[in-house]
Amino acid sequence: MGAWVSVLLGADGAAPAPAGPAAVGLGDLPELCAAEVLLRLDPPEICRLARLNHAFRGAAGADFVWEAKLPENYRYLMEFVGSGEEGRRRRRRAGKKEIYARLARPVPFGDGTKEFWLDKSKGQICMALSSKALVITGIDDRRYWQHMPTSESRFQSVAYLQQIWWFEVVGEVDFCFPVGTYSLYFRVHLGKFYKRFGRRLCSSEHVHGWDKKPVRFQLSTSDGQNTLSQCYLEEPGSWVLYHAGDFVASKPDQSMKLKFSMAQIDCTHTKGGLCIDSVLIYPKGSLQQERVVRSKKGGCR
Amino acid sequence: FCEICLTNNCDGSAGKIATMIALVSSDNERFEVSEEAASQSQTIRNMIEDGCADGGIPLPNVTSSVLAKVLEYCNKHAATTTPDAASTEAVIGSAGTRAVLGPARHGPVVLRAVPCRAAGRRCPEGCRLDEGQDAGADQATFKIENDFRPEDVEKIRKENAWAFEE
């Protein structure tokens, strides 16, 4: 910081001050000052201001600016990116802005059945677990479940339930979450959907049994957090996010194991006509679009 | 060195019958400045007029080194009547985050302690970073000269495109 500070202070009156009226403008802001400003903005704004001039462009690439935007455990997160020696070499060379940009794109793990990414504006972790990462009772029995390829899933495939007595979908994930509160959702669709002549059509031919008893949602963590809730599935024809619960991560350097499930195991009636796309984890309060249903707390049958 | 206007080239006019106001930095250093200089800040002027400035005005978010620079600026401009450099002050950011930029003489951190409306200065209104405004429009808004070659512009667009993808 030494060199530019003395210039600014006009040490010994030797500063190269502009001639005439002191028309100092934002364009004269040195790179380090610009970087101090950018520190207070969010990443899309930083990237936008990179276009202003050389100083802003340099500042917009400064490591210390991006280090402040990255989650505290970004080194752990980067371990999931790239594989082997080549991946390690690339990670070592990457600047902090590059790291942020890479983490803002989905990073697959768990053999491609799971992925996480950073929300661009806030730099918080989001996660998606595909139906293939979940343990679904009866998934191998084609009388009950099938995998349906579709572009409506970020994993290109959903699990479709025709009919079953024992409906249970269980999942778990072991991860070091940056400090924060997160919400976990099941992305579910009542009814089958398909494209015909370019239009999206829905069939509720198999939809039944969901009005008899509510579905129970459960979420627990390895550090003792526990949520139990239930609600009736509704809104055939559109994707609904059912809020299974929230959890708090307080140790970014410690792995937390999450266990969650969605079940309706009352065997006095069958149920069916349901698509399970994925389980989603978002920072609490960050979801704006998509239909979200909050289930009621409590565990009674 | 004149301790009243904090410059080496004081002509004596600023301090003749100057009332002194004390500004206290976060690290408890007192800076005595002329009331005229301190009044360039609307906030401080209000406090002086309300009679709250007697024991000194605390500035808990400004360190002494930073305050010294700010006062140098204020004293320099107390003597002039033309609003010039301050018209480059701008507030940028979207709802929820604000960064106040100012003349290059002081880092932007400094200006967070100095209200945008230094007496008599006109600030351009806050500029929201609206979607879709192109680089040229941003440069015009902040009065920044484009110092990029056309091939640089495309490079910059490419290296930042990731931040705007869905």
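These figures come from a predicted structure and were not determined experimentally.

**Some words on the overall build of chain B**
No. 1: Along its length, chain B carries six helices and five strands.
No. 2: The N-to-C order of helical and strand elements in chain B reads β-β-α-α-β-α-β-β-α-α-α.
No. 3: Relative to its 166 residues, chain B shows a buried fraction of 43%.
No. 4: Accessible surface for chain B amounts to roughly 9300 Å². Of this, 51% is attributable to carbon and sulfur atoms.

**Side note on the overall build of chain A**
No. 1: Scanning chain A from N- to C-terminus turns up eight helices and 17 strands.
No. 2: Per-residue burial over chain A gives 50% buried out of 301 residues.
No. 3: About 14400 Å² of surface is accessible on chain A, with carbon and sulfur atoms providing 51% of the total.

**Let's talk about the pairing of strand β11 (residues 215–221) of chain A**
Residue and element names in this part refer to chain A.
No. 1: Of all the seven residues making up β11, five are buried; the element is thus mostly covered by neighbouring parts of the structure.
No. 2: Here six bridges tie β11 to strand β14 (residues 256–264), and the two strands are oriented antiparallel to one another. Along β14, the bridge assignment pairs Leu219 with Phe260.

**Quick notes on the packing of aromatic side chains**
Residues and elements named next belong to chain A.
No. 1: Within the structure shown, the criterion is met by 22 aromatic pairs over all chains.
No. 2: Ring geometry for Trp117 and Tyr282: centres 6.2 Å apart, planes at 80°, overall edge-to-face. Placement of Trp117 in strand β2 (residues 114–118) and of Tyr282 in strand β15 (residues 274–283) is noted, with a sequence separation of 165 residues between them. Like Tyr282, Trp117 is buried.
No. 3: Ring geometry for Phe177 versus Phe247: centroids 5.2 Å apart, planes at 70°, classification edge-to-face. Highlighted residues: Phe177 in the loop between β7 (167–175) and β8 (180–190) and Phe247 in strand β13 (residues 239–249), separated in sequence by 70 residues.

**Notes on helix α8 (residues 96–103) of chain A**
Owing to its 3.6 residues per turn, the α-helix aligns residues three or four sequence positions apart on the same side.
No. 1: In terms of residue burial, α8 of chain A counts as a mostly covered element, since seven of its eight residues are buried.
No. 2: For α8 of chain A, the full list of buried residues reads Lys96, Lys97, Ile99, Tyr100, Ala101, Arg102 and Leu103 of chain A.
No. 3: Of the surrounding secondary structure, the elements contacted by the buried residues of α8 of chain A are α3 (43–49), α5 (63–69), α6 (74–78), β1 (107–109) and β2 of chain A together with α6 (150–160) of chain B.

**Some details on the UniProt feature "domain: SKP1 component dimerisation" (unreviewed entry) in chain B**
No. 1: Per the UniProt record, "domain: SKP1 component dimerisation" (unreviewed entry) is found at residues 140–163 of chain B.
No. 2: The straight-line gap between the two end C-alpha atoms of residues 140–163 of chain B is 22 Å; of that span, 54% is helix and 0% is strand.

**A short note on the nonpolar core**
No. 1: The biggest cluster of nonpolar side chains holds 78 residues, and the ones touching the most others in it are Leu103 and Phe167 of chain A.
No. 2: Residue contributions to this core reach at least three from each of two domains, namely domain 1 (27–105) and domain 2 (125–293) of chain A.
No. 3: Residues within four places of Phe167 of chain A in sequence aside, it is in contact with Trp145, Leu161, Trp210, Val215, Met262, Ala263, Gln264, Ile265, Lys271, Leu274 and Ile276 of chain A.
No. 4: Counting residues in each nonpolar core, the second largest holds eleven residues, with Val33, Ile48, Ile57 and Leu59 of chain B among its members.

**Here we look at the pattern of salt bridges**
No. 1: Counted by the stated rule, this structure contains 13 salt bridges over all chains.
No. 2: A salt bridge links Arg143 of chain A to Asp141 of chain A, with the nearest nitrogen and oxygen atoms 2.7 Å apart.
No. 3: Exposure remark for Arg143 of chain A: the relative accessible area of 57% places this residue in the exposed category.
No. 4: Asp152 of chain B is paired through a salt bridge with Arg149 of chain B; the nearest N and O atoms lie 3.3 Å apart.
No. 5: The exposure class assigned to Asp152 of chain B is buried, which follows from its relative accessible area of 5%.
No. 6: Through salt bridges with shared partners, a single ionic network connects Arg149, Glu151 and Asp152 of chain B.

**Brief notes about the confidence of the model for chain A**
No. 1: With 87% of its residues at a pLDDT of 70 or more, chain A shows a mean pLDDT of 86.
No. 2: Across residues 1–22 of chain A the pLDDT falls below 50, and counting only partners more than four positions away or on other chains, this stretch makes 14 contacts in the model.

**Regarding the confidence of the model for chain B**
Atomic detail in the predicted coordinates should be set aside for any region of low pLDDT.
No. 1: Chain-level pLDDT for chain B is 61 on average; 43% of the residues reach the 70-or-more range.
No. 2: Across the assembled chains, the prediction reports ipTM 0.76 with pTM 0.67.

**Description of the environment of Ala135 of chain B**
No. 1: Residue placement: Ala135 of chain B occurs in helix α5 (residues 135–141).
No. 2: For the pair formed by Ala135 of chain B and Arg157 of chain B, sequence separation is 22 residues and the distance between their alpha carbons is 9.5 Å.

**A look at the sheet that holds strand β2 (residues 30–34) of chain B**
Pairing between sheet strands relies on hydrogen bonds along the backbone, with the strands arranged either parallel or antiparallel.
All names here are of chain B.
No. 1: Read across the open sheet, the three strands follow the order β2-β1-β3; overall the sheet is mixed. Since the sheet does not close on itself, it has two edges, and those belong to β2 and β3 (57–58), each with one partner.
No. 2: The sheet contact formed by strand β1 (residues 20–24) and β2 spans five bridges and is antiparallel. Residue pairing in the sheet places Val24 in a bridge with Arg30 of β2.

Reading the values: rules and limits
- Numbering of residues starts from 1 in every chain and runs along the sequence as written.
- The lettering of chains begins at A and the numbering of ligands begins at 1, in the order of writing.
- Under the rules for a predicted model, residues below a pLDDT of 70 receive no local features and side-chain atom pairs below 80 are neither given nor counted, while totals for whole chains, interfaces and linings still include all residues.
- Only hydrogens and water are set aside; all other atoms, that is, all heavy atoms of the structure, feed into the side-chain values.
- A run of H or I in DSSP becomes a helix once it reaches four residues, and a run of E becomes a strand once it reaches two; helices and strands are each numbered from the N terminus.
- To sort residues, take the accessible area from a 1.4 Å probe on protein chains only and compare it with the maximum for the residue type: under 20% means buried, over 50% means exposed, and anything in between is partly exposed.
- Accessible surface is estimated by sampling points in the Shrake-Rupley manner with a 1.4 Å probe; for residues, cover comes only from the protein chains shown.
- Paired strands are those between which DSSP finds at least two bridges.
- In this analysis, rings of Phe, Tyr and Trp, with Trp reduced to its six-membered ring, are considered paired at centre separations within 6.5 Å, and the interplanar angle assigns stacked below 30 degrees, edge-to-face beyond 60, and tilted for intermediate values.
- Note on contacts: a residue pair is in contact if any heavy atoms of the two residues lie within 4.5 Å.
- UniProt positions are given in the numbering used here, feature names are shortened, and annotations may be inferred rather than shown by experiment.
- In this text, buried Ala, Val, Leu, Ile, Met, Phe, Trp, Tyr and Cys residues form a nonpolar core when linked through side-chain atoms within 4.5 Å.
- Residue ranges labeled as domains rest on an automatic or database domain assignment.
- Basic side-chain nitrogens of Lys or Arg form a salt bridge, by our definition, when they fall within 4 Å of a carboxyl oxygen of Asp or Glu.
- pLDDT measures the predictor's confidence residue by residue and takes values from 0 up to 100.

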